Amino acid sequence: PKMFAAAPNTLFTIAAGNDSSNNDLYPDYPANVVAENKIVVAATLGYRKLAEFSNFGATKVDVAAPGVAITSTVPTNTYIPLSGTSQATPYVTNIIAMMKDLNTSLSARDLKSIILGTVDVKEWLKGKVKSSGIVNKPRALKAAEFAKTMTVDLAISKARAAIADIPVDKALANKPASLKIN
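Residues numbered from 1 in each chain as written. Predicted model: local features only at pLDDT ≥ 70, side-chain atom pairs only at ≥ 80, totals over all residues. Heavy atoms only, no water.

*Asks:* Let's hear about the overall build of the protein: which residues, and what values?
*Replies:* Regarding its fold elements, the protein presents five helices and eight strands. When the helices and strands of the protein are placed in sequence order, the string is α-β-β-β-β-β-β-α-α-β-β-α-α. Each principal axis of the C-alpha atoms in the protein carries an extent, and together these give about 45 × 40 × 40 Å. Counting over 182 residues, the protein shows a buried share of 46%. Sequence-distant contacts in the protein: of pairs separated by 6 or more residues, those separated by 24 or more amount to 65%. For the protein, the accessible surface area stands at approximately 9100 Å², while carbon and sulfur atoms represent 56% of it. The protein carries 21 positive and 14 negative side-chain charges, and their two centres are separated by 2 Å. (Helix = DSSP H or I, 4+ residues; strand = E, 2+ residues; numbered from the N terminus. Buried < 20%, exposed > 50% of the residue type's maximum accessible area, 1.4 Å probe, protein only. Contact = heavy atoms within 4.5 Å. Areas by Shrake-Rupley, 256 points an atom, 1.4 Å probe, with all protein chains shown as cover. Lys, Arg positive; Asp, Glu negative; His and termini not counted. Charge placed at Lys NZ, Arg CZ, Asp CG, Glu CD.)

*Asks:* Explain unusual backbone geometry to me, and be specific about the residues and the numbers.
*Replies:* Tyr 29 connects to Pro 30 through a cis peptide bond whose omega is 5°. Its location among the elements puts Pro 30 in the loop between strand S1 (12-15) and strand S2 (38-45). Even without glycine at this site, Ser 132 takes up a positive phi of about 60°. Looking at the secondary structure, you find Ser 132 in the loop between strand S7 (120-121) and strand S8 (133-134). For Ser 132, a relative accessible area of 16% translates into the label buried.

*Asks:* Residues and numbers for the pattern of salt bridges, please.
*Replies:* Scanning the model with the defined rule gives four salt bridges in all. A salt bridge links Asp 120 to Arg 139; its shortest N-O distance comes to 3.2 Å. Within this pair, whereas Asp 120 is found in strand S7, its partner Arg 139 is found in helix H4 (residues 137-146), the two being separated by 19 residues in sequence. Classification of Asp 120 by relative accessible area gives buried; the value is 0%. A residue is classified by how much of its surface remains accessible, and Arg 139, at 2% relative accessible area, is buried. As a salt-bridge pair, Lys 126 and Glu 123 come within 3.3 Å of each other at their nearest N and O atoms. Residue Lys 126 is classed as partly exposed on the basis of its relative accessible area of 43%. In this structure Glu 123 comes out as exposed when scored by relative accessible area, which is 61%. (Salt bridge = Lys/Arg side-chain N within 4 Å of Asp/Glu carboxyl O.)

*Asks:* Would you mind going over the confidence of the model for the protein in detail, with residue names and values included?
*Replies:* This prediction gives the protein a mean pLDDT of 93; 92% of its residues lie at or above 70. Long-range and interchain partners of residues 172-182, a stretch whose pLDDT sits below 50, account for 29 contacts in this model, where long-range means more than four residues apart. (pLDDT = per-residue confidence, 0-100.)

*Asks:* Tell me about the packing of helix H2 (residues 85-102) against H4, and name the residues and values.
*Replies:* Running from amino to carboxyl end, H2 crosses H4 at an angle of 25°, the nearest separation of the two axes being 9 Å. When the axes of H2 and H4 are compared, the pair comes out roughly parallel. H2 and H4 meet at a crossing whose hand is right-handed. Between H2 and H4, the contacting residues are Asn 94, Ile 95, Met 98, Met 99 and Leu 102 on the first element and Lys 137, Ala 140, Leu 141 and Ala 144 on the second. In terms of residue class, the contact of H2 with H4 is built from seven nonpolar, one polar and one charged. (Axes fitted to C-alpha atoms, helices over the stretch in contact; angles between N-to-C directions. Parallel < 35°, antiparallel > 145°, perpendicular 65-115°, else oblique. Left-handed = near helix turned anticlockwise from the far one by under 90°. Nonpolar A, V, L, I, M, F, W, Y, C, P; charged D, E, K, R; others polar.)

Structure, rendered in structure tokens:
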């Protein structure tokens, strides 16, 4: 809690955990620390379903992002596919950094509002994450751009109207549910 309080203008992205458990019932640290300037991320298999290993929580996990078979670097200076909420979390962090680059006036609260407000709502995420959705990078970036000249709420609304949901890649249906959880 001290870390979040010490940097109120920073939006921390936190992995939900890889225990297939409900963070609302079984707290996971630091995901369950109460702080306004954090966003907790669950992992999905593409845009198709919650990853089997991912923690979830209708009140304690904010959003979902792809986290299965993500090409990642390893200490041997090579790339391998990894899976875990610790793979989904940098996906969201990257979007937040790009939003901040587009619009440096966005606060941590604004960035979080945009991420949560621009998700692709999925029936299979209702009751699993607070936003009921998976991040939509183009929509979030458009909202950040719109927010240069209007309120964040209006920017989110306009971005939702301008940018469609991410198409579901049918090829992901044949990928393994998990490779390696880190």
